[in-house]
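Close look at the chain arrangement
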Amino acid sequence: MMGALFVPFLHVAATPAAPLKIVATLPILKEFTEQVGREHVEVRTLITGLESEHSYSPKPSDLKALGEARLLLEIGLGLEVWVGGLVKNASNPALRVVTTSEGVGLIRDHAPNAASAGNPHIWLDPENAKVMVRHIADALIAADPAHKDAYLTNLADYLRRLDQVQTNLLERVASLQDRRIVTHHPAWPYFARRFGFQIEGDIIQQMGMEPSSAHLAEIAKRIKSRKIKVIVSEPQFNQKVVQALADETGARIVVLSPLPGTVKGTETYLALLSSNVTKLVAALQ
Ligand SMILES: [Zn+2]
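Predicted model only: the values in this text are computed from it and were never measured. (Residues numbered from 1 in each chain as written. Predicted model: local features only at pLDDT ≥ 70, side-chain atom pairs only at ≥ 80, totals over all residues. Heavy atoms only, no water.)

1. Structural notes on the overall build of the protein chain
We count it as follows: We count a stretch as a helix when DSSP gives it H or I for four or more residues in a row; a strand needs E for two or more, and each element gets its number in order from the N terminus. Partly exposed residues are those whose accessible area sits between 20% and 50% of the maximum for their type, while under 20% is buried and over 50% is exposed, using a 1.4 Å probe and protein chains only. Only the protein chains shown count as cover for residues, and the accessible areas themselves come from Shrake-Rupley with a 1.4 Å probe. Positive charges come from Lys and Arg alone, negative charges from Asp and Glu alone, with His and the N- and C-terminal ends not counted. Think of each charge as sitting on NZ of Lys, CZ of Arg, CG of Asp or CD of Glu.
Within the protein chain, the secondary structure is distributed over nine helices and eight strands. With respect to the principal axes defined by its C-alpha atoms, the protein chain has extents near 90 × 45 × 30 Å. A burial count over the protein chain gives 51% of its 285 residues as buried. Carbon and sulfur atoms provide 56% of the accessible area of the protein chain, an area that totals close to 13900 Å². Positive and negative side-chain charges in the protein chain, numbering 30 and 29 respectively, have mean positions lying 4 Å apart.

Here is the structure:
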């Protein structure tokens, strides 16, 4: 005979939890985190889209935000050299630093500084973005296991959208004959590797250094002798050098951005990818 079972049920107080406080070094990491975390996260970014990804001017409010955050998301690879000191000064034992470049297949073409193991501009390849987004999802789940299902659903959703855009863009590039470009600074090797562009030289080889006249002369010579049609410029850098190079060689300037939000029509990561590929294809055709 079945007796009525009464199991006392422990109700955990169902007050809506405050969103998880997170600090990201770059806007791109903020965007990835918001895609996975949505209403469960509150993300602040240290570098804004209007600066270069290499420059950071600390604000007192940044230190306060780090003192209250559970996660700090960085690219790593020596891009954010200033982050170590900031974390130390925040002295927040609950803060976990998440390095989103872990496991990415690195291109070791240049090192911005001695701490660098490879080129840090990994996010410009959507396959690397997928690795980064997965790291972020893992970190969110570890810090806030109560919303694991939501994080996993949002992750799957965003990975699917990344896939769609990548497939569309690869189709757009497929028929391109001449894929050669000269770039402003070495931000583009992952992007070029994914979409099949060929980088023939960089105007700025080391961050924070103006190119020497000897290097500029060499780049100009290369553009002319190889009949390279396109120079990729970036809004964060001095345009005079690029304009002079274009005037001398007859190559066309295309302004692309490594970060969302600095050029019109690039407000999201996916829009940035589409804009960069579309502009390059148009210029190279
Ligand atoms: Zn850069």
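2. Section: the pattern of salt bridges
Oppositely charged side chains may form a pair once their charged atoms are brought near each other. Quick note on the threshold: One side-chain nitrogen of Lys or Arg within 4 Å of one carboxyl oxygen of Asp or Glu is enough to make a salt bridge.
Overall, the coordinates contain 14 salt bridges when judged by the stated rule. Where D163 meets K130, a salt bridge forms, and the shortest distance between an N and an O atom there is 2.6 Å. Highlighted residues: D163 in helix α5 (residues 148–174) and K130 in helix α4 (residues 126–143), separated in sequence by 33 residues. Classification of K130 as buried rests on a relative accessible area of 6%. Residue R180 pairs with D178 through a salt bridge whose shortest N-O separation is 2.9 Å. Its relative accessible area of 16% is what places D178 among the buried residues. Through salt bridges with shared partners, one network takes in K21, K64 and E68.

3. Focus on the sheet that holds strand β7 (residues 230–233)
Applicable threshold: Strand pairing is defined by DSSP finding a minimum of two bridges between the two strands. The convention used is that axes are lines fitted to C-alpha atoms, helices contributing only their stretch in contact, and that angles between N-to-C directions extend from 0 to 180 degrees. In this analysis, two residues are considered to be in contact whenever any of their non-hydrogen atoms come within 4.5 Å of each other.
In spatial order, the strands read β6-β5-β7-β8; together these four strands make up an open sheet with parallel pairing. Across the chains shown, the open sheet's two edge strands, defined by having one partner strand only, are β6 (198–202) and β8 (252–255). Strand after strand, the sheet turns through a mean of 35° between neighbouring axes, direction not considered. Here three bridges tie strand β5 (residues 180–183) to β6, and the two strands are oriented parallel to one another. Among the inter-strand pairings, R180 is bridged to a residue of β6, identified as Q198. Of the strands in this sheet, β5, β6 and β7 are in contact with helix α7 (residues 213–225), which crosses β6 at around 150°.

4. Some thoughts on the packing of α5 against helix α9 (residues 269–284)
Worth spelling out the cut-off: Any angle between 65 and 115 degrees counts as roughly perpendicular, while under 35 counts as roughly parallel, over 145 as roughly antiparallel, and the rest as oblique.
Where α5 contacts α9, the two axes come as close as 10 Å, and the packing angle between them is 5°. Here α5 lies roughly parallel to α9, going by the angle between them. Only Y269, L270, L273, S274, V277, T278 and V281 of α9 make contact with α5, whose side of the interface consists of Y158, R161, L162, V165, L169, R172 and V173.

5. Points about α7
Using the following cut-off: For a helix, the expected span equals 1.5 Å multiplied by the number of residues minus one. Our arc is simply the arc of the directions from the helix axis toward the C-beta atoms.
With 13 residues, α7 should cover 18 Å at 1.5 Å per step; its first-to-last C-alpha distance of 18 Å lies within 8% of that length. Of all the positions in α7, only H215, I219, A220, R222 and I223 are classed as buried. An end-on view of α7 places all buried positions within 160° of arc, on one side of the element. Residues S213, A214, K221 and S225 are exposed on α7 and point more than 90 degrees away from its buried face. Elements that come into contact with the buried residues of α7 comprise β5, β6, β7 and α8 (239–249). One or two steps after α7, the chain reaches K227, where phi turns positive at roughly 55°.

6. Side note on the coordination of the zinc ion
Ideal geometry at a metal centre gives angles of 109.5 degrees when four donors are arranged tetrahedrally and 90 or 180 degrees when six donors are arranged octahedrally. The line we're drawing: Each metal site lists N, O and S donors within 2.8 Å (3.2 Å for Na, K and Ca). With water left out of the atoms, a site can look as if it is missing ligands. Irregular is the label for any site that misses the other tests, which are tetrahedral for four donors with all angles between 85 and 135 degrees, and square planar for four donors or octahedral for six when opposite donors exceed 155 degrees and the remaining angles lie between 65 and 115.
Coordination of the zinc ion by the protein is provided by E53 (OE), H54 (NE2), H121 (NE2) and H185 (NE2), with metal-donor distances spanning 1.9 to 2.0 Å. Taken together, the four donor atoms surrounding the zinc ion define angles of 97 to 119° at the centre, an arrangement classified as tetrahedral. The motif formed by the donor residues of the zinc ion, counted along the single chain, is E-H-x66-H-x63-H. Across this residue pair, the class does not change: E53 and H54 are buried.

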